[in-house]
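What follows is each chain in one-letter form.
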Amino acid sequence: MAAMDVYGPLTAVLGPTNTGKTHLAVERMLARRSGMIGLPLRLLAREVYDRIAKEKGFRATALVTGEEKIVPPGARYFVCTVEAMPLDFEAAFVAIDEIQLAADPERGHVFTDRLLHARGTEETMLLGAESMRPILQHLVPDAQIISRERFSTLSYSGPAKLARLPRRSAIVAFSSESVYAIAELIRRQRGGAAVVMGALSPRTRNAQVGLYQSGEVDYLIATDAIGMGLNMDVDHVAFAEREKFDGRKRRRLFPHELGQIAGRAGRFRQDGTFGETGQTRPFESELITAIENHAFAYLDQVQWRNSALDMRSLDGLLTSLSKNSGEKMLRRTRAAIDEQSLELLARDEAITDLGRTRAGTALIWDVCRIPDFRKVSLDAHVRLIGQILGHLRGPHGHLPTDFMAAQFDRLDKLGGDVHVLSQRLSQVRTWAYVAHRGDWAQEADVWRERAREVEDRLSDALHDHLTQRFVDRRTAALVKGLRADKALATALDQSGAVEVEGHTVGHLEGLTFKADVEGSALEARALRQAAEKALRPEVNRRLGALAHCTMDEIELKPAAELYWHDNRIARLMPGSDPMKPAVALIGGELGASEARSRAQEGLEKRVREYIASVLTPLLVLQDNDATSQLSGLARGLAFRLAENGGTIARREVEADVRALSPKERRALRQMGVRFGEYSIFLPALIKPKQARLASLLRAVAAGTPEKAFLPAAGLMSVAAEPNRPAGDFGAAGFQRCGPLAVRIDMLERLANAIREAREANQGKDFELTPDMTSVLGCSVEDLRGVLSALGYRRIKKGPDPEKAKGERWARRRMKSRPSRPRPAPVVETPFAALAELKNALPQQRPRNPGKKRQTR
């Protein structure tokens, strides 16, 4: 650093953000034979270093920060953090950026020291905010002050919800917890966000910024690190918080701090906006005016700490640190963490003894100046530096190799979440700082390289975790393509998976597209538009195939839904007749309307043909031509049978059955009708396939296919639901008998068993047998309920109520009563007229119950 009496002219360039101050300083530095620039952040230092190295070459460019030193032999241009500026390097040009940070309670004294003492032999430039003007005029009166105007306009746009923030927005919060919570919300609503915090390594930060700058994500969630010269294409800055923890307490940001951050909106000639979001209280009108006009109160004090330290003893060092400046504008900084650490270590007698010499005192102070990258607690930090100091003051005077190896081995692990990886990175920064003190460890070059390798690995892992957690690449690609109004690359594979821009976004199941992404309306619209392009030809092809398919390709499921290639494609709906249901397609909206109509008509035709082939006997009974040869009474019975799904309890039509002539019975039998003991039915419809179809069609006609009575195949009886209509049981080939619904063919087998038992007792009463329960597949108690419903009564109890043995039953004697007129059928058909005519005729006299029963 140049001596105070040989430095070149001093210039202070003041102005708000986006005035090109840093750019100007770099250009001026590169025009000199050598130079050094001090920057407020390691991230910004790395950015400027990359720019200068690209222009001047890596051999001519050095990077010096607390954790990273790249100093080629003969380097002429040094890019540094302000704290790490090598004060012994004599540079032709020296620049200090963001000098208003001299007022910062934590770091301000370092900026003040550089402002007062760092000089170039040919030129010195101080860069900062206009609020520093009175300080500079008083402390460096020989400085030429130049004001620069902002290249673009900054305006207030008001509060906005997170979901409605414009694209290219930076959302600012002041804790990692808040940053991560906001990033998670933006991922769900807008596809993703990049994360930038001062604690990130340059490698992670650059990778995250790359996501944003490339347009892969449109939102940046950041701390106040973006206010320190990090250059990104931000159009809008939204404040999610207005308070931060400054190392000692939570406090509200000062107006000039808010202005520094808001000023990152709009780059070069592009205007920018700022506002609030989330739960942040709206800005006051005076504050808005100040930020828009970059008019903030002048600073009246900056932080200062004596830099002329007495290293002769530990006591002398402490005394010199506590010295006041004697200048009202230079405020003695409150105890920084290095001072606090020194005071705590000084309580150790061994360290006090070490501090009795100049070399020992200098070593103690150097160790105390290790930054607290971990931010855990002061006690934890002091224990760590005390451990380091213990090794350095030992007999070997350096950190043992196995000790250094153990630190890096402990941290060189890629497992864990974002928080764990961030903590490891902060600890690596500590050991990187230690490794760059070349006299502290043996083979310091090895440990510097190890620190770089571990930091790079952890940085890459952290970037991957941040991206996986806060960026939905599928949604981001969809939204980006929709915004650009470009044709998205889409594909459909044989399994039905739909890909958009290389990301699987859903599947085509039958005629229905099912998305795998849930999100905002914007995402849904992008997904729909992209999917339509890929799916429309395929959906039209499938509709065409359905229009000409056969029933061998279609499966009718219990819920009255039609499946094609194991996918739902349609459902049955009520039609003009129970045997002629309509068909409604499931999906297919992406296809042409003509193709949908043809597919629907084709499916209806195939379904009706299938019904006609399976339920032929039932349809015959409904056919006027087929029943035209029957007499009026037989024809009416055929109609009632068809109306009840092919079966009817005999007791309901007993009078009609007895009145049939042998010729009429014969004609009905030829049509498939069987006159059973307890039922009149069509045996062909009791088969499982026919029974299930008839039952399902009955439920569809009622509009309740989900309530269809569909007992499992092979069941002989089931519990009878009390509120289910008898016709539901009949359509399935069952008849309600007290507590059970019994399959009709099993009822006939029960009738045979009863007949055999009566014949064994000369045609009188009968004894219950195990065969009767096995026929119905029920308990003895249920069998009693069935017999009672069929018109039998118990005349003798058995010795064991749980068993049938010894229990005798006989037919219940019915009292003679005139039969009630049968209600006219609701359907207006010729059979209704016949029924009315029959009801008008004189009723038959009841038969003499004493006479012998005629053979059926």
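Residues numbered from 1 in each chain as written. Predicted model: local features only at pLDDT ≥ 70, side-chain atom pairs only at ≥ 80, totals over all residues. Heavy atoms only, no water.

**A short note on the packing of helix H6 (residues 202-213) against helix H16 (residues 444-470)**
One can describe the packing of H6 onto H16 by two numbers: an axis separation of 8 Å at closest approach and a directional angle of 30°. If you check the angle between H6 and H16, you find them roughly parallel. As H6 runs across H16, the sense of the crossing is right-handed. Residues Pro202, Arg203, Thr204, Ala207, Gln208 and Leu211 of H6 pack against Glu455, Asp456, Ser459, Asp460, Leu462, His463, Leu466 and Thr467 of H16. When the residues that make up the contact of H6 with H16 are grouped by side-chain class, the tally is 5 nonpolar, 5 polar and 4 charged. (Axes fitted to C-alpha atoms, helices over the stretch in contact; angles between N-to-C directions. Helix = DSSP H or I, 4+ residues; strand = E, 2+ residues; numbered from the N terminus. Parallel < 35°, antiparallel > 145°, perpendicular 65-115°, else oblique. Left-handed = near helix turned anticlockwise from the far one by under 90°. Contact = heavy atoms within 4.5 Å. Nonpolar A, V, L, I, M, F, W, Y, C, P; charged D, E, K, R; others polar.)

**Some remarks on the packing of aromatic side chains**
Per the counting criterion, the structure on display carries 12 aromatic pairs. Taking 5.6 Å as the distance between ring centres and 75° as the angle between the ring planes, the aromatic pair formed by Phe403 and Trp431 counts as edge-to-face. Placement of the pair is Phe403 in helix H14 (residues 401-411) and Trp431 in helix H15 (residues 418-435), with a sequence separation of 28 residues. The class of Phe403 is buried, set by a relative accessible area of 9%. (Phe/Tyr/Trp six-rings, centres within 6.5 Å; stacked < 30°, edge-to-face > 60°. Buried < 20%, exposed > 50% of the residue type's maximum accessible area, 1.4 Å probe, protein only.)

**Side note on the side chain of Ser201**
Positionally, Ser201 belongs in the loop between strand S11 (194-196) and H6. Residue class for Ser201 comes out buried when judged on its relative accessible area of 3%. At 2.5 Å, the side chain of Ser201 and the side chain of Ser459 are in polar contact. Those residues within four positions of Ser201 in sequence are excluded, and the remaining contacts are Arg42, Leu43, Leu425, Glu455 and Ser459. (Polar contact = N/O pair within 3.5 Å; in protein donor to acceptor, adjacent residues only side chain to side chain.)

**A word on the confidence of the model for the protein**
In the predicted model, the protein carries a mean pLDDT of 87, and 90% of its residues have values of at least 70. Scored below 50 in pLDDT, residues 816-820 shows 2 contacts in the model against residues more than four places distant or in partner chains. Throughout residues 845-856 the model reports pLDDT below 50, and contacts reaching past four residues in sequence, or to other chains, amount to 9 contacts. (pLDDT = per-residue confidence, 0-100.)

**Quick word on the packing of helix H12 (residues 358-368) against helix H13 (residues 378-392)**
Packing of H12 against H13 leaves a shortest axis separation of 10 Å and a crossing angle of 145°. Between H12 and H13 lies a crossing whose hand is right-handed. Across the interface between the two elements, Leu363, Ile364, Val367 and Cys368 from H12 touch Ile385, Leu389 and Leu392 from H13. Its residues assigned to classes, the contact of H12 with H13 comprises 7 nonpolar, no polar and no charged.

**Section: empty space enclosed by the protein**
With a probe scaled to a water molecule rolled over the atoms, the places where space remains empty come into view. Applying the stated rule across the entire model yields 1 cavity of 30 Å³ or more. Looking at the largest cavity, its volume works out to about 40 Å³. Taken together, Gly645, Gly646, Thr647, Phe681, Leu682, Leu685, Ile686, Gly730, Ala731, Gly733 and Ile744 make up the full set of residues lining the largest cavity. For the lining of the largest cavity, the class distribution of residues is 6 nonpolar, 5 polar and no charged. (1 Å grid on protein atoms, 1.4 Å probe; cavity = no way out; pocket = protein on both sides within 12 Å on 5 of 7 lines; lining within 4 Å. Points joined across faces, edges and corners; volume = space filled by probe spheres on them.)

**Some words on the environment of Leu682**
Mapped onto the fold, Leu682 is located in the loop between strand S29 (679-681) and helix H25 (688-701). Distance in space between the C-alpha atoms of Leu682 and Ile744 is 9.8 Å, their sequence separation being 62 residues. Here Leu682 is in contact with Pro617, Leu618, Leu621, Leu641, Gly646, Met671, Gly672 and Val673, once residues within four sequence places are set aside.

**Digging into the pairing of strand S35 (residues 808-811)**
Both strand S33 (residues 766-767) and S35 contribute to a ladder of 2 bridges, which runs antiparallel. Across the sheet, Phe766 pairs through a bridge with Trp809, a residue of S35. Across 4 bridges, strand S34 (residues 792-796) lies against S35 in antiparallel orientation. If you follow Arg794 over to S35, its bridge partner there is Trp809. (Pairing = 2+ DSSP bridges.)

**Re the nonpolar core**
In terms of nonpolar packing, the biggest core is built from 62 residues, with Ile171 and Trp431 touching the most fellow members. In terms of residue count, H15 provides more of this core than any other element does, 9 residues in total. Leaving out residues up to four positions away in the same chain, Trp431 has contacts with Leu384, Ile388, Phe403, Met404, Gln407, Phe408, Arg410 and Leu411. Of all hydrophobic cores here, the second largest spans 60 residues; its members include Ala60, Leu63, Val94 and Leu126. (Core = buried A, V, L, I, M, F, W, Y, C linked by side-chain atoms within 4.5 Å.)

**Some remarks on the sheet that holds strand S12 (residues 219-222)**
Across the sheet, which stays open at both edges, the 6 strands sit in the order S9-S16-S13-S10-S12-S11 with parallel pairing between neighbours. Strand pairing shows two members of the sheet lacking a second neighbour, strand S9 (154-156) and S11, which therefore form its edges. Strand-to-strand twist in this sheet, taken as the mean axis angle between neighbours without regard to direction, amounts to 25°. Where strand S10 (residues 169-172) and strand S13 (residues 236-239) come together, 4 bridges link them in parallel fashion. Bridge pairing in S13 places Val172 opposite Phe239.

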